[in-house]
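The primary structure of each chain is shown beneath.
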Amino acid sequence: MQLDLFADSRDVMLRNDVLDALQRRHACDARQAWERLTGEYPADDTAPILAVLVTAIENVPTARLVGHPALVEARRVLANEIAPAARRLLGEQAAGAWLVPCWRTLAQRAAALPFDADCSDHHAAPVWLQAGDWDAAKQAVERIASWRRIPAPLAWMTEARYRADGLDLAWPLLTELAWLAPVRCVALISRLGDASLDALRRQFDAQFVGTGELTDFAWFPAWLLTVKPGLADRLREAQLSRHVDAERATSMLLQILSLERQGRHHDLIERRQALRDLHGGLYAAYLKTR
């Protein structure tokens, strides 16, 4: 986005020269254009912000990061200094595209860092997600042992699957994430910005009788089967990991839906009783649809 409010003015022309060089990622031209701008207009209020971006393309480290604190600091600079400057000067959409090489370079530098439970949010996988490289994010997660049983990498893989393949194929992992880390799952849904998923989350919040805490979201997959039984085949692909009540409830409802289709009324009564004993509110939600 060119700064052309007063296109015939000298300062705007000089700013646009800097922006043009930045968009071309030509560090030498950008620095020279910035020096011309600040030489003629030392008080220009965009100069400090432009300087952040000029420095970002001048000094592009490529060495592998040594230790998680180095990744934490590099992400902080990119997210809290460089990205806001890019959004202010280039606009949201153009800034997003301009920042992709920055995130990609950082992900490459972090690729050798192992997953550390004490620094669980600092890994190459979420940086690849920032770069929009869903396949690289998946590969980074797959290198983490037992990733499907750990909240952070499971959330990263779930997001990568959603971004690459859409909501339908992401349902099994979303289900597992809701069981394993319901609060993290709620945060992910908010970040995804999927209209249908957001609507289901609001409906769950309004209708499900639980404790009122975010941890209630562990019951979301089971509740989902009461309002969207057509998702049964997808949710059946989810892997049980801890066999907690919310997982058992989902399994029970999958059995109940199957028994209903088969017309096995005696077995159906038994399973419904087990569901009522496990969670009365969920059983009531199920009955509302019958």
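Residues numbered from 1 in each chain as written. Predicted model: local features only at pLDDT ≥ 70, side-chain atom pairs only at ≥ 80, totals over all residues. Heavy atoms only, no water.

(A) Just the packing of aromatic side chains, in detail. Applying the stated rule across the entire model yields ten aromatic pairs. On the numbers, 4.5 Å between centres and 10° between planes, the contact of Phe-217 with Phe-220 is stacked. When sorted by exposure, Phe-217 lands in the same class as Phe-220, which is buried. Members of the aromatic cluster, each reached through a chain of ring pairs, are Trp-171, Phe-204, Phe-208, Phe-217, Trp-219, Phe-220 and Trp-223. Against the face of Trp-34 rests Arg-31, its NZ or CZ located 5.2 Å from the ring centre. (Phe/Tyr/Trp six-rings, centres within 6.5 Å; stacked < 30°, edge-to-face > 60°. Buried < 20%, exposed > 50% of the residue type's maximum accessible area, 1.4 Å probe, protein only. Lys NZ or Arg CZ within 6 Å of the ring centre and 35° of its normal.)

(B) Seen up close, the side chain of Glu-176. Turning to its location among the elements, Glu-176 is positioned in helix α9 (residues 167-180). At 2.9 Å, the side chain of Glu-176 forms a polar contact with the backbone nitrogen of Gln-239. Once residues lying within four places of it in the same chain are set aside, the contact partners of Glu-176 are Arg-148, Arg-149, Leu-154, Glu-237, Ala-238 and Gln-239. (Helix = DSSP H or I, 4+ residues; strand = E, 2+ residues; numbered from the N terminus. Polar contact = N/O pair within 3.5 Å; in protein donor to acceptor, adjacent residues only side chain to side chain. Contact = heavy atoms within 4.5 Å.)

(C) Broad picture of the packing of helix α12 (residues 220-227) against helix α16 (residues 280-288). Interaxial distance between α12 and α16 falls to 8 Å at its minimum, and their mutual angle equals 20°. One finds that α12 runs roughly parallel with respect to α16. For the pair α12 and α16, the crossing hand works out as right-handed. From α12, Ala-222, Trp-223 and Thr-226 reach across to α16, where they touch Leu-282, Ala-285 and Tyr-286. For the contact of α12 with α16, a count of residues per class yields five nonpolar, one polar and no charged. (Axes fitted to C-alpha atoms, helices over the stretch in contact; angles between N-to-C directions. Parallel < 35°, antiparallel > 145°, perpendicular 65-115°, else oblique. Left-handed = near helix turned anticlockwise from the far one by under 90°. Nonpolar A, V, L, I, M, F, W, Y, C, P; charged D, E, K, R; others polar.)

(D) Examining the packing of helix α15 (residues 265-278) against α16 more closely. Taken N-terminus to C-terminus, the directions of α15 and α16 make an angle of 135°; their axes are 5 Å apart at the nearest point. On the basis of the axis angle, α15 is oblique to α16. Taken together, the residues of α16 that come into contact with α15 (itself represented by Leu-268, Arg-272, Leu-275, Arg-276 and Leu-278) are Gly-280, Leu-282, Tyr-283 and Tyr-286. Tallied by class, residues from the contact of α15 with α16 come to six nonpolar, one polar and two charged.

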